[in-house]
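# Architecture at a glance
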Amino acid sequence: MQIDHSENIVELKNISFAYGGKNVLEDITFNVHKGDYLGIVGPNGGGKTTLLKIIIGLLTPSHGTVHLFGQDICCFNKWSKIGYVPQKATNFDNSFPLTVEEVVTMGRYGKPKNDKIVLQSLKQVEMLEFRNKLIGDLSGGQQQRVFIAKALAGEPEIIFLDEPTVGVDLKTQEQFYRILKDLNKKLKLTLVLISHDIDVIASETTEIACVNKKLIYDNNPENFLRSEKLKKLYGSGVKFVFHTH
Ligand code: ADP
């Protein structure tokens, strides 16, 4: 299947946002194309989560426009095309009484029951054999994968993930990023991943948008790691590990 990378799934034009009187985002313009694996990076407090909430309609910008699948967000109603894995989706009480399979089935809310898709989603994140376990009994990394399966079960065309690997150990993180890469490459899913971990993002994603109130950079991840903008943003004392491919 060929993917038309020129097709815009998300179009942001001149987005500004303030909490109270405090400007958090100023004049942000960029697009997410079909098939992209976009990393949104930037320092903590730079406005990444706020921007994501604007894209998925949880917050309304003070200026600017958002289009999803070519439609103005005010009138957009095909929310089932969009998957969202929020920050701290995995803060579960151990006594939470749902099984892994039940959590993933919730991802089909409002859609016809389809056990095959639920099981297939679990397989895609390599969690099928855990389907009868209680969600609260899993590790943070395993729970995170179940939440991706839950998003996949809704058969979305794009998935947004907000800081998905916070508190997850390095080995689990590597497996997690391998799965995301497969979803992007093999299933042709469009992914938008928020992270403050610029090194990981630059080595995993195919596009990068760096946000610190303004859009600082919107281009190729490898070039960004070598750019002067990075030093200006984080200070030249910051060390980045460069991955070789
Ligand atoms: P990031 O995701 O890059 O860490 P955020 O979008 O969470 O950044 O936050 C951007 C700025 O907005 C920060 O200064 C933060 O303190 C502020 N902020 C975030 N949420 C709220 C809120 N609900 N009310 C007021 N200020 C907020």
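It should be noted that the structure appears before, not after, this text.
This text gives an overview of the structure that appears in the document. It should be emphasised that the depicted structure is a prediction, and the values quoted were computed from it without experimental measurement.

## As for the sheet that holds strand 7 (residues 158–162)
Strand-to-strand pairing in sheets goes through backbone hydrogen bonds, with the strands running parallel or antiparallel. Spatial strand order, 6-7-8-3-9-10: six strands in an open sheet with mixed pairing. The sheet is open, and its two borders are formed by strand 6 (82–85) and strand 10 (214–219), each paired with just one other strand. Between one strand and the next, the sheet's axes are offset by a mean angle of 15°, whatever the strand orientation. Across the face of the sheet, helix 1 (residues 48–55) comes into contact with strand 3 (37–41), strand 6, strand 7, strand 8 (190–194) and strand 9 (207–212) while running at roughly 150° to strand 7.

## Quick notes on the site of the ligand
With respect to spatial proximity, the complete set of residues near the ligand consists of Tyr-19, Lys-22, Val-24, Pro-43, Asn-44, Gly-45, Gly-46, Gly-47, Lys-48, Thr-49 and Thr-50. With respect to the ligand, the side chain of Lys-22 contributes an N or O atom lying 2.7 Å from an oxygen atom. Contact between the ligand and Thr-49: an oxygen atom at 2.8 Å from a side-chain N or O atom of the residue. For the ligand, the accessible surface in isolation is 560 Å², of which the surrounding protein chains cover 58%. Here the element with the most residues in the shell around the ligand is helix 1; it accounts for three residues. Each residue belonging to the shell around the ligand can be placed in one class, and the counts come to three nonpolar, six polar and two charged.

## Quick notes on the layout of surface pockets
There is about 360 Å³ of room inside the largest pocket. Lining the largest pocket are 15 residues, and of these Ile-82, Tyr-84, Gly-107, Lys-150 and Ala-151 lie nearest its centre. Counting only elements with at least two residues in the lining of the largest pocket, the list comes to strand 6 and helix 4 (140–153). Partitioning the lining of the largest pocket into residue classes produces nine nonpolar, four polar and two charged.

## Section: the nonpolar core
Counting 40 residues, the largest nonpolar core has Val-146, Ile-148, Ile-159, Leu-161, Leu-180 and Phe-224 as its most contacted members. Counting residues per element, this core draws most heavily on helix 4, which supplies seven residues. If we skip the residues at most four places from it in the chain, Phe-224 touches Val-41, Ile-198, Ile-208, Cys-210, Tyr-217, Lys-229 and Leu-230.

## Quick notes on unusual backbone geometry
Trans peptide bonds make up the majority, and among non-glycine residues the majority have a negative phi. Of note in this structure, Asp-27 is not a glycine but carries a positive phi near 55°. Along the chain, Asp-27 falls in strand 2 (residues 22–33). Taking relative accessible area as the criterion, Asp-27 reaches 48% and is therefore assigned partly exposed. A positive phi is found at Glu-126, a non-glycine position, where the angle reads about 60°. For Glu-126, the location among the structural elements is in the loop between helix 3 (115–124) and helix 4. Glu-126 sits in the partly exposed class, given a relative accessible area of 31%.

## Here we look at the packing of aromatic side chains
Enumeration according to the criterion identifies four aromatic pairs in this entry. Between Phe-17 and Tyr-19, the ring centres sit 4.8 Å apart and the planes meet at 80°, which makes this aromatic pair edge-to-face. By relative accessible area, which is 8% here, Phe-17 ends up buried. Given the relative accessible area of 41%, Tyr-19 is considered partly exposed. Relative to Trp-79, the ring of Phe-76 has its centre 4.8 Å away and its plane inclined at 90°; by these criteria the two rings are edge-to-face. Given the relative accessible area of 35%, Trp-79 is considered partly exposed. An aromatic cluster is present here, built from Phe-69, Phe-76 and Trp-79 joined pairwise through their rings.

What counts and what doesn't
- Position numbers for residues count from 1 along each chain, tracking the sequence in the order it is written.
- Side-chain atom pairs in this predicted model are given and counted only at pLDDT of 80 or more, local residue features only at pLDDT of at least 70, and totals for whole chains, interfaces and linings cover all residues.
- Calculation of side-chain values draws on the structure's entire complement of heavy atoms; hydrogens and water are dropped beforehand.
- Should DSSP find at least two bridges between two strands, the strands are taken to pair.
- Secondary structure follows DSSP: runs of H or I at least 4 residues long count as helices, runs of E at least 2 residues long count as strands, and numbering of each begins at the N terminus.
- To get an axis, fit a line to the C-alpha atoms, keeping to the stretch in contact for a helix; angles then go from 0 to 180 degrees between the N-to-C directions.
- Contacts are assigned to residue pairs that have any heavy atoms within 4.5 Å of one another.
- Near residues are defined by distance, with any heavy atom within 4 Å of the molecule or strand qualifying the residue.
- Within 3.5 Å is the distance limit for a polar contact, defined as a pair of N or O atoms, with the added protein rule that one can donate a hydrogen and the other accept it, and that residues adjacent in sequence qualify only through two side-chain atoms.
- Residue burial considers only the protein chains on display, and all accessible areas are found by Shrake-Rupley using a 1.4 Å probe.
- Each residue is assigned to one class: nonpolar for Ala, Val, Leu, Ile, Met, Phe, Trp, Tyr, Cys and Pro, charged for Asp, Glu, Lys and Arg, and polar for all the others, Gly among them.
- Whether a set of points on the 1 Å grid over the protein atoms alone is a cavity depends on a 1.4 Å probe fitting there but being unable to get out, while an open set qualifies as a pocket with protein on both sides within 12 Å along at least five of seven lines; lining residues are those with an atom within 4 Å of a point.
- Grid points are joined across faces, edges and corners, and a volume is the space filled by probe spheres set on the points.
- Take the buried Ala, Val, Leu, Ile, Met, Phe, Trp, Tyr and Cys residues and link them wherever side-chain atoms come within 4.5 Å; each set so joined is a nonpolar core.
- The buried label applies to any residue whose accessible area, calculated with a 1.4 Å probe on protein chains only, is under 20% of its type's maximum; exposed applies above 50%, and partly exposed to all values in between.
- When two rings of Phe, Tyr or Trp (its six-membered ring) have centres within 6.5 Å they constitute a pair, described as stacked for plane angles under 30 degrees, edge-to-face for angles over 60, and tilted for the intermediate range.

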